[in-house]
Amino acid sequence: MADQCHMCLLGLIILCPLLTGKSEAEVIHVFSSSGENVRLPCNNALSDCSSTTWNYNRHSVAVELITLGIKKNNIERCERLSLGSDCSLNIKKVTQEDYGLYCCRQFVNGKQQGTDARVYLHFLHVSSSSSQTEIRPGSSVTLSCQLYYYGVSCDSLVRTDGIQLFWVNQADVSVMTDSRYQISSSSTDCISNLTTTLLNEDLNREWRCLVTQRNQLKTSATFTVKDSVSIFEFTQHGTSVASTTEKTQIPDTAPKSLWMLDHYSE
Ligand SMILES: *[C@@H]1O[C@H](CO)[C@@H](O)[C@H](O)[C@H]1NC(C)=O
């Protein structure tokens, strides 16, 4: 069963409109961060998946990923996609490119059955303006946590779906009210920034940005302060996914007092 994946940008079709008015079925939100494997459920599946079509929507066009139970082999991320036995769509090693609206639709004898099952895949990304520069005790760092979302406003995710972004320390204790940290958040674009001045004891400490939905943890992404003499690399938690991050070799002459920020997702 060799899955041949060819890169090709043909085969774009308009499908799965964003707005369906009042008859809209339940919408599912799935939250992911870099390197995770995710499963997008198809809640309208019939007895087998030979009627199942999955498509992906962003930038007002749709790309068909699965047609009548068969994976399209002309799409860019074909190798990372698979159809589950329950007709769910599995995506391996999620990247920022994957966020958007996924739509599962059933066709029997060429006719659509039932309503579309819609799954919004959102992507949590952490970055630091300081990651490429020297950091050391006494320097100020800002860690920026951003949720990439599609189809809805951040405001509606927060108000209607109960989404929250917040920061915890290595002991999993919230730092949101800790005076050592300045947290600035924007609920119009789902960003939370944490700024602090590094202390000596911060070496190997981590800060984690969490996304919760109605107080349930959905996903997180972590920053760790590392001694920069070691090699900068990603550490994955919870998955056995190999790192694809570029490694930055630090010259042997680098003074041992330099630190780096390291981040990973789980
Ligand atoms: C968060 O930090 C980024 C990068 O420093 C900045 O561009 C953005 O405006 C900040 N956002 C908030 C809500 O503070």
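Above: the structure in question.
Here is what the cut-offs are and how they apply
Residues numbered from 1 in each chain as written. Predicted model: local features only at pLDDT ≥ 70, side-chain atom pairs only at ≥ 80, totals over all residues. Heavy atoms only, no water. Helix = DSSP H or I, 4+ residues; strand = E, 2+ residues; numbered from the N terminus. Buried < 20%, exposed > 50% of the residue type's maximum accessible area, 1.4 Å probe, protein only. Contact = heavy atoms within 4.5 Å. Areas by Shrake-Rupley, 256 points an atom, 1.4 Å probe, with all protein chains shown as cover. Core = buried A, V, L, I, M, F, W, Y, C linked by side-chain atoms within 4.5 Å. Near = heavy atom within 4 Å. Polar contact = N/O pair within 3.5 Å; in protein donor to acceptor, adjacent residues only side chain to side chain. Nonpolar A, V, L, I, M, F, W, Y, C, P; charged D, E, K, R; others polar. Salt bridge = Lys/Arg side-chain N within 4 Å of Asp/Glu carboxyl O. Disulfide = S-S within 2.5 Å. Pairing = 2+ DSSP bridges. Axes fitted to C-alpha atoms, helices over the stretch in contact; angles between N-to-C directions.

Summing up its helical and strand segments, the protein has one helix and 17 strands in all. In the protein, which comprises 266 residues, the share counted as buried stands at 45%. Taking the intrachain contacts of the protein between residues at least 6 apart in sequence as the baseline, contacts between residues at least 24 apart amount to 66%. Element-wise, carbon and sulfur atoms account for 51% of the exposed surface of the protein, whose accessible area totals about 13800 Å².

Core analysis: the largest hydrophobic core is formed by 29 residues, its most contacted members being Leu-40, Trp-54, Leu-65, Leu-89, Ile-91 and Tyr-102. For this core, the secondary structure elements donating two or more residues are strand 2 (27–33), strand 3 (38–40), strand 4 (52–58), strand 5 (61–67), strand 8 (89–91), strand 9 (100–108) and strand 10 (111–128). When residues in this core are grouped by element, the largest group, five residues, is from strand 10. Excluding anything up to four places from it in sequence, Leu-65 contacts Trp-54, Asn-55, Tyr-56, Ile-70, Lys-71, Lys-72, Ile-75, Arg-77, Leu-81, Leu-89 and Tyr-102. Membership of the second largest hydrophobic core comes to 24 residues, among which are Leu-124, Cys-190, Leu-194 and Leu-198.

Now for the site of the ligand. Close contacts around the ligand come from Ser-144, Ser-184, Ser-185, Ser-186 and Asn-193, and that covers them all. Here Asn-193 contributes a side-chain N or O atom positioned 2.3 Å from an oxygen atom of the ligand. Out of a free accessible area of 360 Å², the ligand has 47% covered by protein chains. It is strand 13 (residues 182–186) that contributes the most residues to the shell around the ligand, three residues altogether. Split into classes, the residues belonging to the shell around the ligand amount to no nonpolar, five polar and no charged.

Turning our eyes to something else, we now look at the pattern of salt bridges. Evaluation of the coordinates by the stated rule reveals 10 salt bridges. Across the salt bridge formed by Arg-118 and Asp-116, the nearest N and O atoms sit 3.9 Å from each other. Overall, the relative accessible area of 10% leaves Asp-116 in the buried class.

This next bit is on the state of the cysteines. Tallying each qualifying case throughout the model produces four disulfides. Cys-42 shares a disulfide with Cys-104; S-S distance 2.1 Å. Disulfide Cys-42 to Cys-104: torsion about the S-S bond roughly -75 degrees, handedness left-handed. Placement of the pair is Cys-42 in the loop between strand 3 and strand 4 and Cys-104 in strand 9, with a sequence separation of 62 residues. Per residue, the accessibility class of Cys-42 equals that of Cys-104, and both read buried. Two residues share a disulfide in this structure: Cys-154 and Cys-190, whose sulfurs sit 1.9 Å from each other. Between Cys-154 and Cys-190, the S-S dihedral sits near 90 degrees, and the bridge is therefore right-handed. With Cys-154 in helix 1 (residues 154–159) and Cys-190 in the loop between strand 13 and strand 14 (191–197), the pair connects residues that are 36 residues apart, well separated along the chain. Judged by relative accessible area, Cys-154 falls into the buried class, the value being 1%. Residue classification places Cys-190 among the buried residues on the basis of a relative accessible area of 4%.

What follows concerns the sheet that holds strand 7 (residues 81–83). Across the sheet, which stays open at both edges, the three strands sit in the order 3-8-7 with antiparallel pairing between neighbours. Each having just a single partner strand, strand 3 and strand 7 make up the two edges of the open sheet. In this sheet, adjacent strand axes meet at a mean angle of 25 degrees when their direction is disregarded. Looking at chain direction, strand 7 and strand 8 are connected through three bridges and run antiparallel. Bridge pairing links Leu-81 to Ile-91 in strand 8.

As a general feature of sheets, a regular strand has side chains that alternate between the two faces. With seven of nine residues buried, strand 9 lies mostly within the body of the structure. Here strand 9 pairs with strand 10 via eight bridges, running antiparallel. Paired with Cys-103 across the strands is Arg-118, a residue of strand 10. Counting the residues that bridge the hairpin from strand 9 to strand 10 gives two residues, and of these Asn-109 lies at a positive phi of roughly 50 degrees.

Once that is clear, we can look at the side chain of His-122. Among the structural elements, His-122 can be located in strand 10. A distance of 2.8 Å separates the side chain of His-122 from the side chain of His-29, its partner in a polar contact. Excluding anything up to four places from it in sequence, His-122 contacts His-29, Val-30, Phe-31, Ser-32, Tyr-99, Leu-147, Tyr-148, Tyr-149, Tyr-150, Val-152 and Leu-157.

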